[in-house]
Amino acid sequence: MPPTLRLSVLDQSVARAGQPDDASIRATLALAEHCEALGYHRFWVSEHHSMPTIVGTAPEVLMAAVAARTSRIRIGSAGVMLPHYSPFKVAEQFRVLDALAPGRIDLGVGRAPGSDHRTARLLNPDPRSSENFPQQVRELHAWVAGEEMPEGHPGRGIRAYPRGATSPQLWMLGSSDYGAQLAAHFGTPYSFAHFITDGEGCAEALALYRHLFKPGLVQQPQANACVWALAADTEDEAWRLFASRERARVDRQTGRFGALLPPDEAPRDYTGAEEAYRRGLRAKAMVGSAPQVAAKLRALAQELALEELVVITWTWDPQAQRRSYELLAREFALAPA
């Protein structure tokens, strides 16, 4: 077991059936305040576009609201889908965020579109924009950190303001070997999206990152994994709540997206292939009572040699989501703010 295990939070502002989308954004803000009070280390928000299930489309805006409501917890993007944007503009946005919450801002970047390809083209008409991702990362770091661009670069002499005593911490996000290799090359912290792959490829990507790592933004490899988990007061209640997430995951396999359903309305008759997928999902799920989920999280951290896990939880009822984080904070004896 690692000497210490930090717990952090990733929230995606999930849409909930029967509730307006703006309620999901406000629920994210309430969750951030709740998790800071419980002693969580970071609070990250995601970026998705034109997706009926997830309404968190602008992490940089949401982070500003979280910054205004918190005082200790680190706040981050998980992440900014960089190929859609100008690195210079992203640097400006995150320098403003760092001015609002000095020394508390994480700038997680990713290459995935966070949407379908049609929507991605609306965000950036260049279909090959992701090919420039390594150069974008290099430029973003320079502008965020206040470093000079090399001779001949069109941005040489350009500064991203406001300047300050601190700067955002750049993180590389990924769910494949590509992000691991890029994070190792630039010497950035690395976060693996375990919840996207259900853990597939996570150990291999982390091993690759550590093996190839060259000191850069940080001097030693620094990594975490974003893990889906749900705890409740009883195991039966946790599995009942999980029905909402389970239905969403099964439906997604056949291209059906929608708001999260209440757990008692979520179950439906599944085809043979869907049922097999559902059983596999349940076999890997970190769901149960708080001691059960905590044991699974500790075992995963030990297996991956990680000192930090970022927990993501979907429930139809925001109160059940907050309760899950409360129970885990108690199991891990997090220090309340």
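Quick note: structure is the one above.
Given the structure is predicted, the values throughout are model-derived calculations rather than measurements.

## Notes on the packing of helix α5 (residues 133-145) against helix α6 (residues 177-186)
Then, in step 1: Relative to each other, α5 and α6 sit at 40°, their axes nearing to 12 Å. As summarised for this structure, α5 and α6 are arranged oblique, according to the angle between their axes. The way α5 lies across α6 gives a crossing that is right-handed. Contact residues: Phe133, Pro134, Val137 and Arg138 in α5; Tyr178, Leu182, His185 and Phe186 in α6.
Then, in step 2: Split into classes, the residues belonging to the contact of α5 with α6 amount to six nonpolar, one polar and one charged.

## Description of the packing of aromatic side chains
Then, in step 1: For the structure shown, the criterion picks out seven aromatic pairs.
Then, in step 2: Relative to Tyr209, the ring of Tyr190 has its centre 5.3 Å away and its plane inclined at 40°; by these criteria the two rings are tilted. Of this pair, Tyr190 sits in strand β6 (residues 190-192) while Tyr209 sits in helix α8 (residues 202-212), placing them 19 residues apart in sequence.
Then, in step 3: Ring centres of Tyr209 and Phe213 lie 5.7 Å apart, and the angle between their planes is 80°; on these two criteria the pair is classed as edge-to-face. Comparing Tyr209 with Phe213, the two get one shared label, buried.
Then, in step 4: The structure contains a cluster of three or more aromatic residues connected by ring pairs, namely Tyr190, Tyr209 and Phe213.
Then, in step 5: The aromatic ring of Trp314 is capped on one face by Arg245, whose charged end is 4.7 Å from the ring centroid.

## Considering the environment of Val80
Then, in step 1: Its place among the elements puts Val80 in strand β3 (residues 74-81).
Then, in step 2: Through-space distance from the C-alpha of Val80 to that of His41 is 20 Å; in sequence the pair is 39 residues apart.
Then, in step 3: Apart from residues lying up to four places away in sequence, Val80 is in contact with Glu47, Pro59, Tyr85, Val90, Phe94, Leu107, Gly108, Val109 and Gly110.

Calculation criteria
- Residues numbered from 1 in each chain as written.
- Predicted model: local features only at pLDDT ≥ 70, side-chain atom pairs only at ≥ 80, totals over all residues.
- Heavy atoms only, no water.
- Axes fitted to C-alpha atoms, helices over the stretch in contact; angles between N-to-C directions.
- Helix = DSSP H or I, 4+ residues; strand = E, 2+ residues; numbered from the N terminus.
- Parallel < 35°, antiparallel > 145°, perpendicular 65-115°, else oblique.
- Left-handed = near helix turned anticlockwise from the far one by under 90°.
- Contact = heavy atoms within 4.5 Å.
- Nonpolar A, V, L, I, M, F, W, Y, C, P; charged D, E, K, R; others polar.
- Phe/Tyr/Trp six-rings, centres within 6.5 Å; stacked < 30°, edge-to-face > 60°.
- Buried < 20%, exposed > 50% of the residue type's maximum accessible area, 1.4 Å probe, protein only.
- Lys NZ or Arg CZ within 6 Å of the ring centre and 35° of its normal.

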